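Coordinates in review
Chain residues, written in single-letter form:
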Amino acid sequence: MSRIARRFAKLSAEGRAGLVTFITAGDPDLSVSAEILAGLPKAGADLIELGMPFSDPMADGPSIEAAGHRALKAGTTLRRVLAMAAGFRKGDTETPLILMGYFNPIYSYGVERFAVDAVSAGVDGVIVVDLPPEVDAELRVPAVVAGLEVIRLATPTTDSVRLPRVLDGAGGFLYYVAIAGVTGTKRAAIGDIAAAVARLKASTALPIAVGFGIRDPESAAAVARYADASVVGSAIVDRIAHGLDETGKPGPALIGDVLSFVASLAAGVRGARVQAAQ
Amino acid sequence: MQSVSARPNTYRAGPDEEGYFGLYGGRYVAETLMPLILAVEKAYSQAKADPSFQAELDYYLRDYVGRPSPLYFAEPMTRHYGGAKIYFKRDELNHTGAHKINNCLGQALVARRMGKTRIIAETGAGQHGVATATVAARFGMSCTIYMGEIDIARQKPNVFRMKLLGAEVKPVSSGSRTLKDAMNEALRAWVSDVEDTFYIIGTVAGPHPYPAMVRDFQSVIGKEAREQMQEREGRLPDTLVAAIGGGSNAMGLFHPFLDEDAVRMIGVEAGGGGVETGRHAASIIGGRPGVLHGNRTYLLQDDDGQITEAHSISAGLDYPGIGPEHSWLHDQGRVEFVSVTDTEALDAFQLCTRLEGIIPALEPSHALAHVGKIAGDLPKDHLLLMNLCGRGDKDIFAVAERLGFDI
Ligand SMILES: Cc1ncc(COP(=O)(O)O)c(C=O)c1O
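Right, let's walk through the structure included here. Chains are numbered independently. Their residues run from 1 in the order of the written sequence. Written order determines the labels here, with chains lettered from A and ligands numbered from 1. For this predicted model, a pLDDT threshold of at least 70 governs which residues receive local features, and a threshold of 80 or more governs which side-chain atom pairs are given and counted, while totals over whole chains, interfaces and linings are taken from all residues. Computation of side-chain values: all heavy atoms of the structure, hydrogens and water removed.

**So, the sheet that holds strand β1 (residues 18–24) of chain A**
All names here are of chain A. Put simply, the test is: A pair of strands counts as paired when DSSP detects no fewer than two bridges linking them. Here a strand is any run of E in DSSP of at least two residues, a helix any run of H or I of at least four, and the numbering for each starts at the N terminus. In this analysis, two residues are considered to be in contact whenever any of their non-hydrogen atoms come within 4.5 Å of each other. In this analysis, axes come from line fits to C-alpha atoms, helices being fitted only over the stretch in contact, and the angle between any two N-to-C directions falls in the range 0 to 180 degrees.
If you walk across this open sheet you meet the nine strands as β5-β4-β3-β2-β1-β9-β8-β7-β6, and the pairing is parallel. Because the sheet does not close on itself, it has two edges, and the strands there are β5 (149–150) and β6 (152–154). Here four bridges tie strand β2 (residues 47–51) to strand β3 (residues 97–101), and the two strands are oriented parallel to one another. The partner of Glu49 across the bridge, within β3, is Ile98. In this fold helix α1 (residues 3–14) packs onto β1, β2, β3, β4 (125–128), β5 and β9 (229–232), with an angle of close to 140° to the strand it touches most, β2.

**Things to note about the interface of chain B and chain A**
Operational definition: Computed with a 1.4 Å rolling probe, the buried area is the accessible surface lost when two parts are put together, summed over both parts. A carboxyl oxygen of Asp or Glu within 4 Å of a side-chain nitrogen of Lys or Arg is what we treat as a salt bridge. Whenever a nitrogen or oxygen atom comes within 3.5 Å of another N or O atom, the pair is scored as a polar contact, on the condition that within protein one atom can donate a hydrogen and the other can accept it, and that pairs from neighbouring residues in sequence are kept only if both atoms are in side chains. Under the scheme applied, nonpolar residues are Ala, Val, Leu, Ile, Met, Phe, Trp, Tyr, Cys and Pro; charged residues are Asp, Glu, Lys and Arg; polar residues are all the others, including Gly.
Across the contact, 36 residues belong to chain B and 38 residues belong to chain A. Carbon and sulfur atoms supply 51% of the area buried between chain B and chain A, which totals about 2,800 Å² over both sides. The partner of Arg296 of chain B in a salt bridge is Glu138 of chain A, with the nearest N and O atoms 2.9 Å apart. Seen at the junction of chain B and chain A, the total is 22 residue pairs in polar contact (both at pLDDT 80 or more). When contributions to the side of chain B that touches chain A are tallied by element, the ones reaching two or more residues are β2 (24–28), α1 (34–48), α8 (179–192), β11 (288–292) and β12 (294–299) of chain B. The biggest single contributor to the side of chain B that touches chain A is α8 of chain B, with seven residues. Broken down by class, the residue content of the side of chain B that touches chain A amounts to 15 nonpolar, 10 polar and 11 charged.

**Details of the sheet that holds strand β6 (residues 142–148) of chain B**
Residue and element names in this part refer to chain B. Overall, parallel pairing links the four strands, which are arranged β7-β6-β5-β8 in an open sheet. A strand with exactly one partner marks an edge of an open sheet, and here the two such strands are β7 (168–172) and β8 (197–199). Strand after strand, the sheet turns through a mean of 25° between neighbouring axes, direction not considered. Note: β6 against β7, five bridges, orientation parallel. Residue pairing in the sheet places Met147 in a bridge with Pro171 of β7.

Shape is all these values report; function is a separate question.
This is how it looks when you write it as structure tokens:
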């Protein structure tokens, strides 16, 4: 069983949804980012998405775009992201680690080499935002060979005609993007999310993680009542930005503040179904 | 042993069903956009098969745009260089002052068929923005144009024009604050308003079907030029020259001639301060294949696959990519790509203005500079056809500044 499957089996045995946290590797710099990453499991992250920064993040809003630019300015490269993943894996053998980003840096690195190096760094899955099912074979085939799961995205615009195409070849879990929009902008109504999760569950046995627009413990909990996992990205990245001084240097409270925010999200997610049952 | 020839029997068959020209093209977009892009593809292929669509387009091209644009024998320039016979395809005489309107009209009619009520677009020089705002005004659609802050500063007249036409101009402050970033922002806006909005991409780039659709709408340039040259000289031109930003005016001129082996084609990229300085916008000469804005194509990028900033005096050429069909034609060896620096383009701009009484846009001034480099060495019966794809009114402030005039 893959690390991702094992983690969702464990969550299901515990009768709760998981918390998926997103940070951009190298934001605000490589060492602070590595420290945050290392602290995430203890703070309550059940799965971790690690962003591979890209100069032109077309599906992201201002928060994650700014995080990517901070990371690039700090000298982050795909090679260094993989090294950071490997460093994380030395201290944690159970928390699934998923790389998320855009295709060009991977293409430039070499797709096969990327898949092999990611797996040997202890990475479990990859989400590439600008590779829809129609064109992802060029990554998916070498990834499957190397043992890297390619996670697909479904969105409010993925209608019933299209859904089978998205599910065919999907690995790990299905990431439901709750809004038609970029990260960190709108919020979806919880009723719409519940309906979407029910629709997806009827078509796939894959766990469903829901993200985009989840900003606080309350919204993370609300989603956790229906989905297998709540994904929080921009709100965590905003905490990082908030912890920088005027010159862009990380202040002394940054890491602690980010991790305690993650802990509050985790508490929300963990309490969600208990609260709902009462 | 038989040698394997890479030469296809036709250069005009692409793209394939998935939108590829060889390795290039495709549909590298977020899942949210996929259904929209498929809907655009379907609407466009239906329109293409509908004679009433072509009739409607022809009507507007003639009575609204002013087509056909003239084929003009540039006698003073020809005399000046003393070699090839230089012809201009005068797309700068179109309504709104550039070739961009050919494509905007076509896409606006597709948008209307799809029942869309709102148009968005990116713009660099502002020519595509003005052309988009124009068709939006004409067809009663609301319009938002995304434009980098740097371009807003260097293309003020066009910004005002768009506003007069009723468009909202949204300044883009991310990244290099030029065309590439405007395109990122327009794609974000599209993802966020999928129901009512149609995105009119301004060049032969983006996800399939845009590169093919824009090419088809711009091919009116080459089709007319072919007939006009035939009428005028009784034969086809020998060499075609066009400036390359994303490559739409060039593709529009080249495509109808691609299978004519005797016709040489040259795409002129913006060399900025010189390709060797690293400050340029020459994606083919100074870049390598990658994926951006929905397609695989030659891109300016660093060793890590991060897109690097383009640099050109011409806002319309200041883009780190090029349409995928050009990338393929380059690899096939069918089209040659060269570059021209800012300074060379400025010289050509002034020369054309003085000799021909035509103020060209800075974009075709690049093509003109290359014409100047080759015309003198070509025989007098060589027919050299350049796409004069835009007029320079929009550029006079930027040129004045560069030449040290205070206007
Ligand atoms: C007059 C003119 N020519 C050329 C271009 C470059 O675009 P393309 O290469 O798609 O023709 C522009 C873009 O704004 C333009 O305004």
